[in-house]
Amino acid sequence: MRRYSIILMALAAVTLSSCFKDEAPNAECDITKAWVHTDNMQDMFYQATDTAVNVLYDKNEITFTVRRNADITALAPQFEITEGATISPANGSVHDFSKGPVVYTVTSEDKQWSRQYTVAFKPTVVTMPSTIIFEFENARLVNDDSKKSNYYKWYETQPDGSELEYWASANAGFALSTQSAKPEDYPSASVNGYNGKCIKLTTCSTGAWGQLVRRPLAAGNFFIGEFDVQFALTNTLHTTRMGRPFAKKPIKVTGMYKYKAGDVFWKFVNHKIEEHPEIKDRAAIYAVFYRNHDAQGNEVMLFGEDSKTNSNIVALAEVENIPETDAWSPFEMTFKYSTDIDLDELQNQGYSLTIVFCSSTDGAYYEGAPGSTLYIDSVKLECEEEQ
């Protein structure tokens, strides 16, 4: 339901006058935050911040990560929900989550809308192989709230058979600008690649709508993390929440790519598109390893404006030169560490990793060449072997 709030923000941004009426009952029915209290946090969770989950608008699954031996037989999660809405089972009611997820239903204040959420506590053992391969074979089409826009989302299959949306893109943001685009015409798409399916990233114009809301293009991006569309019209750089907890020391990332820059480079100056044919667009391929909590224990997340500069970054890997090529070609980047790793923090999920691919390196600032296209496939992440 929060999609409609985003559209209303766009209208408000370009409306010069308005009138006031008595507010109708709220039609939204979302959970925006979930948390749980426990007297012995360290026995159940890896980090204090794991006790709370911010729920993105397009998520219907809420998962708390807990230690393998955590007692989850009598927990009472609490929820922040949209104004006027109600939730069933009751907010703060006790449930046995060892029997599986619990389904909660949120009903809007006007009683016309409802939405179901699945809440689970997932015992996790922090182990992973030293080499991880991403082939990007798992992609499905999803609908936005209007049921008119279809675009791809990707997921990874975990050892227990469950699915995890490990990678994210800005497709949900592009859906705000158009409802007629085919899935393969979105900035991030699944197409035939080097080995099976691959990721196709394209810098796209957002048309008249994009110029109206001062976001004239959308670069194709693909990264480990989450995309938060609620900021798409207010703070675009905060739509990309980069990184997920990672319990190995990464060493190197390799893969295959193809790249072709678009014909005419755009800059957006004084609310107008300026064409700069003298500027050649560039793609971006990089990875970042960082502490996901600051010295005070507050959660740290990388966003568009500090994905390479945040003070919590401990290692950065980057392909500095990405030549244009029509043939599949290899890339390789090695992590350069600025500080030592705390092995105890590593095992307690105190570090996060993101790998980022983008068809226009400055696309977050609405600079790039429409038509720039980057293909990515067969990505391999190599980590330090345990001693």
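Numbering of residues starts from 1 in each chain and follows the order in which that chain's sequence is written. Residues qualify for local features only when their pLDDT is at least 70, as the model is predicted, and side-chain atom pairs are given and counted only at 80 or more; totals for whole chains, interfaces and linings, by contrast, use all residues. The basis for every side-chain value is the complete set of non-hydrogen atoms in the structure, without hydrogens or water.

**Brief notes about the packing of aromatic side chains**
Piece 1. Whether two aromatic rings pair depends on their centres lying within 6.5 Å, for rings of Phe, Tyr and Trp, where Trp uses its six-membered ring; planes under 30 degrees apart make the pair stacked, over 60 edge-to-face, and the rest tilted. Following the criterion strictly, the structure yields 19 aromatic pairs and no others.
Piece 2. Where F134 meets F136, the ring centres are 6.5 Å apart and the plane angle is 15°; that geometry is what we call stacked. Each member of the pair, F134 together with F136, is buried.
Piece 3. Both rings, one in W167 and one in F357, keep their centres 6.2 Å apart while their planes meet at 25°; by these two values the pair is stacked. Of this pair, W167 sits in strand β13 (residues 167–169) while F357 sits in strand β28 (residues 351–358), and the two are 190 residues apart along the sequence.
Piece 4. Ring pairing ties together the aromatic residues F134, F136, Y152, W154, Y166, W167, F222, F331 and F357, which thus form one cluster.
Piece 5. Above the plane of the ring of Y286 lies K308, whose end atom (NZ or CZ) is 4.5 Å from the centre. A 1.4 Å probe rolled over the protein chains alone gives each residue an accessible area, and that area as a share of the maximum for its type sets the label: buried under 20%, exposed over 50%, partly exposed in between. Only DSSP runs of H or I with at least four residues qualify as helices, and only runs of E with at least two residues qualify as strands; both kinds are numbered from the N terminus onward. For a Lys NZ or an Arg CZ to count as sitting over a ring, it must be within 6 Å of the ring centre and within 35 degrees of the ring normal.

**Quick word on the side chain of S352**
Piece 1. Along the chain, S352 falls in strand β28.
Piece 2. S352 sits in the buried class, given a relative accessible area of 4%.
Piece 3. Whether two residues are in contact is decided by their heavy atoms, any of which lying within 4.5 Å being enough. Look past the residues within four positions of S352 in its chain and what remains in contact with it is G243, R244, P245, F246, V288, F289, Y290 and N292.

**Quick look at the sheet that holds strand β6 (residues 102–107)**
Piece 1. Two strands are counted as paired when DSSP detects at least two bridges linking them. If you trace the 4 strands from one edge of the open sheet to the other, you get β3-β7-β6-β5, paired in mixed fashion. Edge positions in the open sheet fall to β3 (61–67) and β5 (86–88), since each of these has one partner strand only. Taken over all neighbouring pairs, the strand axes of this sheet differ in orientation by 25° on average, direction set aside.
Piece 2. Note: β3 against strand β7 (residues 114–124), 7 bridges, orientation parallel. Pairing of I62 across the sheet is with V119, part of β7. Here an axis means a line fitted to C-alpha atoms, over the contact stretch when the element is a helix, while the angle between two N-to-C directions is reported on a 0 to 180 degree scale.

**Looking at the pattern of salt bridges**
Piece 1. Basic side-chain nitrogens of Lys or Arg form a salt bridge, by our definition, when they fall within 4 Å of a carboxyl oxygen of Asp or Glu. Counted by the stated rule, this structure contains 10 salt bridges.
Piece 2. In this structure, E324 and K280 form a salt bridge, with 3.3 Å as the shortest nitrogen-oxygen distance. On the criterion of sequence distance, the pair formed by E324 in the loop between β25 (313–318) and β26 (325–334) and K280 in the loop between β23 (272–276) and β24 (284–291) is long-range, its members being 44 residues apart.
Piece 3. A relative accessible area of 52% means that K280 is categorised as exposed.
Piece 4. Two residues, K380 and E382, come together in a salt bridge whose shortest N-O distance is 3.8 Å.
Piece 5. Residue class for K380 comes out partly exposed when judged on its relative accessible area of 31%.
Piece 6. Salt bridges here are not isolated pairs; linked through shared partners, they connect K260, K280 and E324.

**Quick word on the confidence of the model for the chain**
Piece 1. Across the chain, each position has a pLDDT score giving the predictor's confidence in that residue, from 0 to 100. Mean pLDDT over the chain stands at 88; residues scoring 70 or higher make up 91%.
Piece 2. Here residues 2–21 is a poorly scored stretch, pLDDT under 50, and it has 29 contacts once near neighbours within four places are set aside; other chains count.

**Looking at the environment of G207**
Piece 1. Mapped onto the secondary structure, G207 falls in helix α4 (residues 207–212).
Piece 2. With a relative accessible area of 28%, G207 lands in the partly exposed category.
Piece 3. C-alpha separation for the pair G207 and Q42, spaced 165 residues apart in sequence, amounts to 50 Å.

**Points about the sheet that holds strand β1 (residues 31–35)**
By way of backbone hydrogen bonds, the strands of a sheet pair with one another, either parallel or antiparallel.
Piece 1. Pairing in this open sheet of 3 strands is antiparallel, and the strands run β2-β1-β4 from one edge to the other. Single-partner strands in this sheet number two, and they are β2 (52–54) and β4 (78–81). Neighbour-to-neighbour, the strand axes of this sheet turn through a mean angle of 20°, independent of strand direction.

**Some words on the pairing of strand β29 (residues 373–383)**
Piece 1. In terms of burial, β29 is a largely internal element, 8 of the 11 residues being buried.
Piece 2. Two strands pair when backbone bridges link them, and strand β8 (residues 131–134) and β29 are joined in this way by 4 bridges, in the antiparallel orientation. Following the sheet pairing, I132 is matched in β29 by L381.
Piece 3. Where strand β15 (residues 197–202) lies against β29, 4 bridges are found, and the strand directions are antiparallel. Each bridged residue has a counterpart across the sheet, and for I199 the counterpart in β29 is I376.
Piece 4. Of the pairings in the sheet, the one linking strand β21 (residues 250–260) to β29 comprises 9 bridges and is antiparallel in character. Paired with Y259 across the bridge in β29 is L374.

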